[in-house]
Amino acid sequence: MEYLLAAVAILSVAAFVAVPLRRSGSEQPAAIAAAADLEDLEARKLAKYREIRDTELDHAQGKIDEQDFRRQDAELRAEAVEILSALDDQKSTKPSS
Amino acid sequence: MNAVGAAALFVAFLTAIYVVVSALLGTRGDSRWADSSRRAVYALCALLLIAVLSLELAFLRDDFSLALVAQNSSTTTPTWPYKLTAMWGSQAGSLLLWATVLSIAASAVLAMTRGHHREVVPWATAVMGGIAVFFTGLIAAGIAFPGAETWPFAALSPVPVEGQGLNPLLRHPLMAIHPPMLYAGYVFFTIPFAFAIGALITRRLDASWIRSTRRFALIAWVLLTIGLALGARWSYSELGWGGYWAWDPVENAALMPWLTGTAFLHSIMVQERRGMLRTWNVSLIVLTFALSLLGTFLVRSGILQSIHAFGESKVGPPLLILIATILIGSTLLIVSRLGDLRSERRIDSLASRESFFLVNNFLLVALAAVVFWGTFFPLISEALSGEESSLAAPWFNRFTTPIGIALLFVAGIGPLLAWRRVSLAGIRRSLMIPTAAAALAGLLAWLLGDAGGEPLALVLFVVAGFTIASVSQELIRGAAARRSLTGDPLLLSLGRLVARNRRRYGGYVVHAGIAVMFIGIAASSSFQTSEDLRLEPGQEARVADYTVRYVEPTESIDSAQQSLTFGAVIEVWRDGEPESMILAPSREYFSVNSQSDGAAPLRSFFEGEATSEIGRQEGLTTDVWTAIQPDLSSLDLVMTKVDRQFAQRIEQIEPGDVEAMRQLATDQGEAIARFAQFYVLNSPAANIRFNVNPFIFWLWAGIGIAVLGALLALWPGSGARRREVVSDIYAARLARELASSPG
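Owing to the predicted nature of the structure, the values given are computational and were not obtained by experimental measurement.

Caption draft 1: Seen up close, a nonpolar patch on the surface. There is a patch of nonpolar side chains on the surface, built from Ile10(A), Phe10(B), Leu14(B), Ile17(B), Val21(B) and Ile143(B) and spanning about 450 Å² of accessible area. When residues in the nonpolar patch are grouped by element, the largest group, 4 residues, is from helix α1 (residues 2–26) of chain B. Assignment of secondary structure puts Ile17(B) in helix α1.

As structure tokens, this is what we get:
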């Protein structure tokens, strides 16, 4: 009985996991790497936005003085702009899959 | 149904192997194999759930043809919760639980990262699959090696008519959920570990792997926190020694990954924000996962003496090999990637949040190292000197208390600081209120609680006051800053501030909870009143400002559980309070007769497991706690005489004389009932432990607050849509600035 049930389970699992393998053609490694680069940049962008928000909040709470805040805020925004432009570059050169 | 479960479990092992193979093929760039491996993980999860379900059905149906059911349940075991939770009281069941929770967590993370991290995910899947192969393989090995007792569907022949029942120590509602919480906590650390390995192999070592797995690390932390708290609560209310933490090896085993996991949750924020601590973060998650496996090893190997000794088994060596493989392999991988793990930046100033995160990490890891040394000292000492000696609670307390105080102080300072650097005027302004609150807390503890004689407790109150005030100030200042921008009322501003910054303020709430917990620990351990009394019924004694009176003994018999309970009614008055409190501690003795020949029906109750039921009155400021240890020496003669009579009677019964056996059982039942009544009539003296634990309620409340804070940090925002809107706003602003900037 166990053997029969095991055979049924194996066949069911095999049919389920084989679905993607029947697909013709796979995404190119270069496209996968480009997508990963894009995700890295997106993650950096969101982290940078959070950093800007935190700095604004810290400034509003009086933890950072005006001069430091202006300098830090300008640095963070410049870094954010760098990330945004890198994102634009990445999106414009994204290889087709 | 058992056949279905057995077949599903065996195919799960084969599927886990397929997960590894297909994921490794997927790492070569063919996304079809990666997709196939993801589907295989879903299939693995379904198969393991089928196996668990069929095993649970076997417990519900009292199917004693399975050895697992016969050894851990009986027809009289209550269905809820014990029949349903008896599965993980056994080794085979707990291994199945490990594999099943892993497959659930792996399915969740793969569903969440579908279409993302396509370089890292196949490697991470292979690692998760490898761990699943280990655990399902260990389970399946039980088919070939029945002595290992890892195969949960092992059949028993001949089939007994009754099972042995659940280990009495596990017959407590908290014990039904404490083990799966700890195990799930351990298992969820697999996810960030697997992604860290994937990120190392593919050299994708920025913060994106952290972003995808941070929630799983936080879930693991919440589960471990709840598991540890439930264990402590069980120890407090069931073990009869009056404490909640005994530095038991298995308790320590769960504490170590909790400590390093806490460090990881802090240090990943530094990597996300500042691109620093990359080597540290991957090392920390490897260590946390290895310690999680070590926790499983300590529970299951029985290598160290522990109240959890019911876990002794033969799976220790394979677990140790797995831990060694993970540590060595991960270390080699980290060393080979040191160039890619270099930090993007350096710390700007010592007066910054990131530098205090470093201090926090150092303290947490130091604490874990102390606990590790204390836990494994018996093994180390045996290896070096041939003599086993262990380190007791005072040794642990000597090192952990100062580190704990320093950690609490850092938890209070951290929220006051900004990232990068904070101005001197800012620090001064931020410190004023928390410092005043700390001084006030110290003064109150000195005046009201006589804390002068307990300097460490006094310092703890001061630092806890500082931390709670620091967190409160952060919340109020943040709300005030938001109100000045939006014009909303303060409470609404506070709500919106927290909702918009769940992670930040959830973390602060955790800090406040930990501070409250420390107040409970400091007060209950430093100002506890404890007295061991020996009283006869009707006698009373004075303990501090309490009068304790042993009113009368009690007895009860639970034939379903085959247990005999001797207890006491105790009346307690506190000076100056109009009403007394009635407490009813007891000791429950579980018979071992079902496993013997039934020749000693009375003594069999006192040769097996016994549990304490605590008589307790909980309050916000004091917890009056009593446990009883009946003095049975005066019953010894009666017990011996009655048991001898039954032993002689059994010798005279002809084999197969069913009627005589039935009569014997009836007479034994009557003898047990008369013996219980004799205890009450004879009214022997009892040893009563009477404790007054101040502020212990705040220990549990603090843990509850910390868990709520972590859940707040975990709670998802209103989704990607809002994040995108915010992002777009910033993008537009940044774009405008870019356009207007020169050059």
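Still to come is the rest of the account.
Caption draft 2: Structural detail: the environment of Arg504(B). Following the sequence through the fold, Arg504(B) ends up in helix α18 (residues 502–526). When the C-alpha atoms of Arg504(B) and Leu712(B) are compared, they prove to be 9.5 Å apart, with 208 residues separating the residues in sequence. With sequence-adjacent residues up to four places away left out, Arg504(B) is seen in contact with Asp54(A), Leu57(A), Asp58(A), Gln61(A), Lys63(A), Arg353(B) and Glu474(B). In terms of polar contacts, Arg504(B) uses its side chain to reach the side chain of Asp58(A), at 2.6 Å.

Caption draft 3: Structural detail: the interface of chain A and chain B. In this assembly, 55 residues from chain A lie in contact with 65 residues from chain B. Approximately 5,300 Å² of surface area, both sides summed, lies buried where chain A meets chain B, with 54% of it carried by carbon and sulfur atoms. Here chain A and chain B share 11 salt bridges between them. Among the salt bridges present, the one from Asp54(A) reaches Arg273(B), with a minimum N-O distance of 2.4 Å. Taken together, the links from chain A to chain B amount to 20 residue pairs in polar contact (both at pLDDT 80 or more). Among the secondary structure elements, those contributing two or more residues to the side of chain A that touches chain B are α1 (2–18), α2 (29–60) and α3 (66–92) of chain A. Per element, the largest residue contribution to the side of chain A that touches chain B is 23 residues, and it comes from α2(A). When grouped by side-chain class, the residues that make up the side of chain A that touches chain B number 28 nonpolar, 6 polar and 21 charged.

Caption draft 4: Main features of the packing of α2(A) against α3(A). Residues and elements named next belong to chain A. Remark: α2 packs on α3, axes separated minimally by 9 Å, with the N-to-C direction vectors making an angle of 160°. Comparing their axes, α3 and α2 come out roughly antiparallel. Where α2 crosses over α3, the handedness of that crossing is left-handed. Residue classes in the contact of α2 with α3 are distributed as 12 nonpolar, 4 polar and 12 charged.

Caption draft 5: Up close: the nonpolar core. All names here are of chain B. Residues Leu96, Trp98, Phe135, Phe195 and Trp209 are the most contacted members of the largest nonpolar core, which totals 169 residues. Here the element with the most residues in this core is helix α9 (residues 208–238); it accounts for 16 residues. With sequence-adjacent residues up to four places away left out, Phe195 is seen in contact with Val109, Thr113, Val120, Val121, Ala124, Met128, Trp209 and Thr213. In terms of nonpolar packing, the next biggest core, distinct from the first, is built from 35 residues, Leu564, Val572, Ile628 and Val692 among them.

Caption draft 6: Inspection of unusual backbone geometry at higher detail. Residue and element names in this part refer to chain B. The step from Ser157 to Pro158 runs through a cis peptide bond, and the omega angle for that step is 0°. For Pro158, the position within the fold is in the loop between α6 (120–144) and α7 (173–188). One non-glycine residue, Trp247, adopts positive backbone phi at about 55°. Structurally, Trp247 can be placed in the loop between α9 and α10 (249–274). Assessed through its relative accessible area of 14%, Trp247 is described here as buried. Positive phi is not limited to glycine here, since Phe695 has a value of about 60°.

Each value, and the rule that gives it
- Residues numbered from 1 in each chain as written.
- Chains lettered and ligands numbered in written order.
- Predicted model: local features only at pLDDT ≥ 70, side-chain atom pairs only at ≥ 80, totals over all residues.
- Heavy atoms only, no water.
- Patch = residues over 30% accessible without salt bridge, like charges linked within 9 Å, V, L, I, M, F, W, Y side chains within 5 Å.
- Areas by Shrake-Rupley, 256 points an atom, 1.4 Å probe, with all protein chains shown as cover.
- Salt bridge = Lys/Arg side-chain N within 4 Å of Asp/Glu carboxyl O.
- Helix = DSSP H or I, 4+ residues; strand = E, 2+ residues; numbered from the N terminus.
- Contact = heavy atoms within 4.5 Å.
- Polar contact = N/O pair within 3.5 Å; in protein donor to acceptor, adjacent residues only side chain to side chain.
- Buried area = accessible area lost by both parts, 1.4 Å probe.
- Nonpolar A, V, L, I, M, F, W, Y, C, P; charged D, E, K, R; others polar.
- Axes fitted to C-alpha atoms, helices over the stretch in contact; angles between N-to-C directions.
- Parallel < 35°, antiparallel > 145°, perpendicular 65-115°, else oblique.
- Left-handed = near helix turned anticlockwise from the far one by under 90°.
- Core = buried A, V, L, I, M, F, W, Y, C linked by side-chain atoms within 4.5 Å.
- Buried < 20%, exposed > 50% of the residue type's maximum accessible area, 1.4 Å probe, protein only.

Don't take any of this as a statement about function, it's just geometry.
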